[in-house]
Amino acid sequence: MSKHDSATTPRVRPRDRKQRIEHAAATAFSRRGYHAVSMQDIADSVGISAPALYRHFPSKYALFVSAAMLLVDQLAVVTADAAELPLSTEDEGRVALGELIRVVTDLTIELRATSGIYKWEGRYLEQADRERLNAGFELNGDRFIAAHRSYRPDVDELERAYMALGTFAVFGSISAHDTILARPRLRALLTAAAWAVLNVDVSTYLSHISPSADSAGEGGPAGDGPAVQSSSVEGSTPAGSKAAASTAAGSTPPFSRREQLLEASVRLFGERGYNETTIEEIATEVDLTPSGVYRHFDGKHALLLAVYERATQWLYPHQTEVEGSPLSSVDLLRSLIHTYIEHSFRSPELMRVFFAEKGNLTPQELRGVQASQAASLQAWVDCLLDLRPELNAREATVLVHAALGLITDQLAILPRFDDEAMARLIAFTDALLGIGPADESPDAQ
């Protein structure tokens, strides 16, 4: 081909360019956050110019909405056939549930790099778009619940809804880490963990709660439980305890201005996001002028760093006591689980900020946070390896992430943080880690 021919031959636009753009955008938003990603970043990742990108999507927000719907739309497609299977008997329910688990597991693995977008970045969706996304998740959740109702008709409907939500948390947990496993083994681990949650006998754990024990006074407002959906987009602060409301930063009551500013930052960052919160708003929360904030912190980013420092001290202080512990591996792991849930209940807003705002840290700051998390994670992994020698370190890491992801996801939908909620989360966590009394998975292969 001559130079002239090469110059005049029109470039062929890929037929799936729009889908490539959506996938690249979902990956970028999931990993770096909505505000940290530009249209030029996405254009560069696809290999096109920014003007070409705008021919497909008129704005960054329009692309964000399309990317956010990517997972939920595909979930609806892949679960459609399973939703049509007969559900007249327990065996038919088991078959339908197994098919739902299979297709959702495969899709989640395929979209692993993108599926984290709904978990934290969905709060930036406008109300109508958030409702549309939640409706899509609700459809998929209802399909699981219908199959599970046929499979285990004796289960309380509220507990069934929590089980469905927990199962989707297991699937979505792989978006929070980069542990590499061969696809067949990753599929088998997620499948077994999903079955474990769906098979757990929560009543065994709830029966240990004293009838007079009621920590609702320290929990959120009473409610009827979660909406029947596979996940909900973060758009408002979950109900918290009085302790969480007054010590959202994981501290003692904030008598000092510094503590008041830290508490206000946690609350506002959790509700609106770091990028949507201004120094002026933080100052107003504690009756200061903006200049008054700078007497305590160098700026908004310094406040964010202080929040992360507090979160690290608050969420992982017990890890320093792990080495040399006289407890057996199972007792130590149960202690780690209980303490993590307890700390999460005491400061759900802090948990939200900790996991949602990492995209606003510098690489060096992020490495420090990840080092603290890694030390905490390793304590869980070491215990699990002692208890389940058939696992290798990567497999144990995947299961620990699934447990932590389940706890974090359930925080957003619990109507109250009380002994019942604690018992339920321990039941789910024990089951998926394989250390509790849950039945063997019928299809975990």
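The preceding data block contains the structure.
Residues numbered from 1 in each chain as written. Predicted model: local features only at pLDDT ≥ 70, side-chain atom pairs only at ≥ 80, totals over all residues. Heavy atoms only, no water.

Undergrad: Mind showing me how you'd approach unusual backbone geometry here?
TA: Glycine aside, the phi torsion of most residues is negative, and most peptide linkages are trans. Residue D287 is not a glycine yet carries a positive backbone phi of 60 degrees. Structurally, D287 can be placed in the loop between α15 (279-285) and α16 (290-293). By relative accessible area, D287 is classed as exposed at 68%. (Helix = DSSP H or I, 4+ residues; strand = E, 2+ residues; numbered from the N terminus. Buried < 20%, exposed > 50% of the residue type's maximum accessible area, 1.4 Å probe, protein only.)

Undergrad: Honestly, the layout of surface pockets in this entry has me stumped. Any pointers?
TA: By rolling a water-sized probe across the atoms, one finds the places where empty space is left. What the largest pocket holds in volume is close to 1,200 Å³. As for the largest pocket, its lining consists of 38 residues, and the residues nearest its centre are S175, A176, H177, K358 and Q370. Of all the secondary structure elements, the ones that give two or more residues to the lining of the largest pocket are α2 (17-32), α8 (117-120), α19 (348-356), α20 (363-387) and α21 (393-411). Counting residues per element, the lining of the largest pocket draws most heavily on α20, which supplies seven residues. Class assignment of the residues belonging to the lining of the largest pocket gives a composition of 15 nonpolar, 16 polar and seven charged. (1 Å grid on protein atoms, 1.4 Å probe; cavity = no way out; pocket = protein on both sides within 12 Å on 5 of 7 lines; lining within 4 Å. Points joined across faces, edges and corners; volume = space filled by probe spheres on them. Nonpolar A, V, L, I, M, F, W, Y, C, P; charged D, E, K, R; others polar.)

Undergrad: I keep staring at empty space enclosed by the protein and nothing clicks. Help me out?
TA: Here the structure, examined in full by the defined rule, presents four cavities of 30 Å³ or more. Its boundaries defined by the atoms lining it, the second largest cavity holds a volume of some 90 Å³. In this structure, the second largest cavity is lined by 11 residues; those nearest its centre are L71, L75, T108, Y118 and F168. Broken down by secondary-structure element, the contributors of at least two residues to the lining of the second largest cavity are α5 (60-78), α7 (90-110) and α10 (157-172). A breakdown of the residues in the lining of the second largest cavity according to their chemical character gives seven nonpolar, four polar and no charged.

Undergrad: Would you mind showing me how to read the packing of aromatic side chains here?
TA: Geometrically, a pair of aromatic rings is defined through the distance of the ring centres and the angle of the planes. Using the criterion set out here, one finds 14 aromatic pairs in the structure. Summarising the aromatic geometry, the rings of Y34 and F64 are spaced 4.5 Å apart at their centres and angled 45 degrees between planes, so their arrangement reads as tilted. Here the residue Y34 occupies a position in the loop between α2 and α3 (39-46), and F64 occupies one in helix α5, the gap between them amounting to 30 residues. The same class applies to Y34 as to F64, namely buried. With a centroid separation of 5.5 Å and an interplanar angle of 70 degrees, the aromatic rings of Y151 and W195 are classed as edge-to-face. Placement of Y151 in helix α9 (residues 127-151) and of W195 in helix α11 (residues 183-199) is noted, with a sequence separation of 44 residues between them. The two residues Y151 and W195 agree in class, both being buried. Three or more aromatic residues joined by ring pairs form one cluster here, namely F29, Y34, Y61, F64 and Y124. Geometry around Y34 places K60 over its ring, the cationic atom sitting 4.5 Å from the centre. The ring of Y274 has K300 lying over it, and the distance from NZ or CZ to the ring centre is 4.3 Å. (Phe/Tyr/Trp six-rings, centres within 6.5 Å; stacked < 30°, edge-to-face > 60°. Lys NZ or Arg CZ within 6 Å of the ring centre and 35° of its normal.)

Undergrad: Would you explain the pattern of salt bridges in this entry?
TA: Pairs can form between side chains of opposite charge whenever their charged atoms are close. Applying the stated criterion across every chain yields a total of 16 salt bridges. Of the charged contacts, one joins D106 and R187 as a salt bridge, the two residues approaching to 2.7 Å between their closest N and O atoms. Within this pair, whereas D106 is found in helix α7, its partner R187 is found in helix α11, the two being separated by 81 residues in sequence. With a relative accessible area of 21%, D106 lands in the partly exposed category. A salt bridge links E259 to R310, with the nearest nitrogen and oxygen atoms 3.0 Å apart. (Salt bridge = Lys/Arg side-chain N within 4 Å of Asp/Glu carboxyl O.)

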